[in-house]
Number of protein chains: 2
Amino acid sequence: MALGKDYVTQECSIARALEVVGERWTLLVVRDAIYGVRRYNDFLAHLGIPRAVLSARLRTLTEEGILEKRRYQETPPRDEYVVTERGTALWPALRALGQWGREHVGGNRLRSFRHADCGGNVEASGTCAACGTLVPVADVVMVPGPGLDSAPADPVSRALLRPKRLLEPLETDPVHLAH
Amino acid sequence: MALGKDYVTQECSIARALEVVGERWTLLVVRDAIYGVRRYNDFLAHLGIPRAVLSARLRTLTEEGILEKRRYQETPPRDEYVVTERGTALWPALRALGQWGREHVGGNRLRSFRHADCGGNVEASGTCAACGTLVPVADVVMVPGPGLDSAPADPVSRALLRPKRLLEPLETDPVHLAH
DNA sequence: CGGCTTCGGTTCGGTCATTGAACCTACCTG
DNA sequence: CAGGTAGGTTCAATGACCGAACCGAAGCCG
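How each quantity is defined
- Residues numbered from 1 in each chain as written.
- Chains lettered and ligands numbered in written order.
- Predicted model: local features only at pLDDT ≥ 70, side-chain atom pairs only at ≥ 80, totals over all residues.
- Core = buried A, V, L, I, M, F, W, Y, C linked by C-beta atoms within 7 Å.
- Buried ≥ 20, exposed ≤ 12 C-beta atoms within 10 Å, placed from the backbone.
- Contact = placed C-beta atoms within 7 Å.
- Least-squares fit on C-alpha atoms with pLDDT ≥ 70 in both.
- Helix = DSSP H or I, 4+ residues; strand = E, 2+ residues; numbered from the N terminus.
- Arc of directions from axis to C-beta.
- Axes fitted to C-alpha atoms, helices over the stretch in contact; angles between N-to-C directions.
- Parallel < 35°, antiparallel > 145°, perpendicular 65-115°, else oblique.
- Nonpolar A, V, L, I, M, F, W, Y, C, P; charged D, E, K, R; others polar.
- Pairing = 2+ DSSP bridges.
- Left-handed = near helix turned anticlockwise from the far one by under 90°.

Visitor: Can you walk me through the nonpolar core in this structure?
Guide: Side chains of a nonpolar character, in soluble globular proteins, are inclined to be buried together. Grouped together as the largest cluster of nonpolar side chains are 82 residues, with contacts concentrated most on Val30, Ala93 and Leu97 of chain A together with Val30, Ala93 and Leu97 of chain B. With residues near it in sequence (within four places) discarded, Val30 of chain A still touches Val21, Ile66, Gly87, Leu90 and Leu94 of chain A.

Visitor: In this structure, what is going on with the relation of the copies chain A and chain B? I would like to understand it.
Guide: Mapping one chain copy onto the other needs a rotation about an axis and a shift along that axis. The two copies are related by a screw operation: chain A maps onto chain B through 180° of rotation and 0.0 Å of translation along the axis, at an RMSD of 0.0 Å. Such a combination of rotation and displacement between the chain copies is what one expects of a two-fold axis.

Visitor: How do you make sense of helix H3 (residues 40-47) of chain B when you look at a structure like this?
Guide: Since one α-helical turn is 3.6 residues long, residues separated by three or four positions face the same way. All names here are of chain B. Burial in H3 covers these residues: Asp42, Phe43, His46 and Leu47. Angularly, the buried residues of H3 cover 110° about the axis, an arc narrow enough to put them on a single face. For H3, the elements touching its buried residues are helix H2 (26-35), helix H4 (51-63) and helix H7 (155-159). Looking at the residues trailing H3, positive phi occurs at Gly48, about 65°.

Visitor: I'm lost on the packing of helix H6 (residues 91-104) of chain A against helix H1 (residues 13-21) of chain B in this one. Help?
Guide: Helix-helix packing is described using two parameters, namely the angle between the two axes and the distance between the axes. H1 of chain B packs onto H6 of chain A with a crossing angle of 80° between their chain directions and a minimal axis gap of 7 Å. When the axis of H6 of chain A is compared with that of H1 of chain B, the two are roughly perpendicular. Contacts between H6 of chain A and H1 of chain B pair Leu94, Leu97, Gly98, Trp100, Gly101 and Arg102 of chain A from the former with Ser13, Ile14, Arg16, Ala17 and Leu18 of chain B from the latter. Looking at side-chain class alone, the contact of H6 of chain A with H1 of chain B contains 6 nonpolar, 3 polar and 2 charged residues.

Visitor: Is there a simple way to explain the sheet that holds strand E5 (residues 164-165) of chain A in this structure?
Guide: To summarise the sheet geometry, strands pair through backbone hydrogen bonds and adopt either a parallel or an antiparallel arrangement. All names here are of chain A. A sheet is described by the order of its strands in space; here 3 strands give the open sequence E3-E4-E5, paired in antiparallel fashion. Every interior strand has two partners, whereas the edge strands, strand E3 (111-115) and E5, have only one. In the sheet, E3 pairs with strand E4 (residues 140-144) via 5 bridges, with the strands oriented antiparallel. Bridging from a neighbouring strand, Arg114 pairs with Val141 of E4.

Visitor: Explain the interface of chain A and chain B to me, please; I cannot follow it from the model alone.
Guide: In many analyses, interface size is given as the accessible surface area lost on bringing the parts together. Each partner contributes residues to the interface: chain A has 41 residues there, and chain B has 40 residues. Listed by contribution, the elements that provide at least two residues to the side of chain A that touches chain B are helix H1 (13-21), helix H2 (26-35) and H6 of chain A. If one sorts the elements of the side of chain A that touches chain B by residue count, H6 of chain A sits on top with 11 residues. Here the side of chain A that touches chain B is composed, by residue class, of 21 nonpolar, 12 polar and 8 charged.

Visitor: Explanation requested: unusual backbone geometry in the structure shown.
Guide: With glycine set apart, most residues show a phi of negative sign, and most peptide bonds adopt trans. All names here are of chain A. Cis peptide bonds are those with omega within 30 degrees of zero, and the linkage from Thr75 to Pro76 qualifies with -5°. In this fold, Pro76 is placed in the loop between strand E1 (67-73) and strand E2 (78-83). Not every positive phi belongs to a glycine, and Leu167 is a case in point at roughly 75°. Summarising the element assignment, Leu167 is placed in the segment after E5.

Visitor: So what exactly am I meant to see when it comes to the packing of H6 of chain A against helix H6 (residues 91-104) of chain B here?
Guide: One way to put it is that H6 of chain A packs onto H6 of chain B with a least axis distance of 8 Å and a crossing angle of 165°. Our classification of the angle between H6 of chain A and H6 of chain B gives roughly antiparallel. Handedness of the crossing formed by H6 of chain A with H6 of chain B: left-handed. Taken together, the residues of H6 of chain B that come into contact with H6 of chain A (itself represented by Pro92, Ala93, Ala96, Leu97 and Trp100 of chain A) are Pro92, Ala93, Ala96, Leu97 and Trp100 of chain B. A breakdown of the residues in the contact of H6 of chain A with H6 of chain B according to their chemical character gives 10 nonpolar, no polar and no charged.

Visitor: Honestly, the environment of Arg51 of chain B in this entry has me stumped. Any pointers?
Guide: Considering the arrangement of structural elements, one finds Arg51 of chain B in helix H4. Once the C-alpha coordinates of Arg51 of chain B and Glu63 of chain B are considered, the two residues, 12 residues apart in sequence, prove to be 18 Å apart.

Visitor: I would appreciate a short explanation of the sheet that holds strand E4 (residues 140-144) of chain B in the present structure.
Guide: Within the open sheet, the 3 strands sit side by side as E3-E4-E5 (chain B). Their pairing is antiparallel. With partners counted over all chains shown, the strands left at the sheet margins are strand E3 (111-115) and strand E5 (164-165) of chain B, one partner each.

Visitor: Teacher, can you tell me more about the pairing of E1 of chain A here?
Guide: Within a regular strand, the side chains alternate between the two sheet faces. Residue and element names in this part refer to chain A. In terms of strand pairing, E1 meets E2 through 6 bridges, oriented antiparallel. Within E2, the position partnered with Leu67 by the bridge is Val83. Linkage of E1 to E2, two consecutive antiparallel strands, is achieved through a turn of 4 residues.

The structure is reproduced here in structure tokens:
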């Protein structure tokens, strides 16, 4: 989408946003990054995205300052992709899209979001139903619902079967535990 | 996006939503429909979208119940595409995307949104800054900002240079006035 | 040392979607 | 009848995406 003919002519901040994150897979990569996915192979396994496309998306998201590539160990050299403030700022848009999907496409009971401080439900507007505060992303806990597959094939989906605070790194089971 | 390999494997309401509205141009068509654009040639002129793609998007959006095709005159037969409740429910997601584009891409001062009842600014959360109510789409007034081109080429952009209540049909100038 | 595995990619041929231009139909207007 | 408007369809070319294969650096196993 960023190549060739794009939305440049559009005088509209929605179009500007879609120029950056409107390509296929891009918003799902950002969603996973906010869920705490950080490593190439985890994105790969969870999304089922072609490797070449994932490489391209990670590169452009890094260039756009939505993800940050950082070395987390030297031997062997390993990098991880961590979502930046610019990336977490997409959370309201993702939540609103998810809300629409839940209500108008199907996907009830898949996941819900709670305020870590008080346990209240995070509404569509982003505020906590219990205490009324506008919940920052870091204080949101994703809670799996009954509609999820209870024994998914990929380790990332398995890790997401237990409640998980957003932004914190996801710990995937070592492969040998999955057998 | 809906064709071939899609996101069906994803157990996520965000992915479900993107299956429906994630293709190129689709969200911009919905945005225009919420702005009040209803006719084929108006979408065409405002978006700069290839005709074949516009036809495809209007068809799938109609099939998905996001737009409704309705005959508004018989001779000559003319149809218009009107956004449904299912389509207007995408407004929070579009507003959130626009907010992100404004803050993180550029596009300040293009447009703002006001509460028709009290004139207060509509915040990112969708509530009115002045009176605190959660503003329904039909009570939102789009107000053009100073960053817009003051003499755009297409009649839709020209019509959007004056404040405009969302959902109400857009009246484009007859061509002979544009000369 | 040799073989095997993991991680994080790149390369490649085939397929699918998008693009812009041209064309078409139905109707109206002068 | 010529020309214009509205709302499309068709088509060749281009670009994006797909899946599978390959690759290199590093570690681990015996």
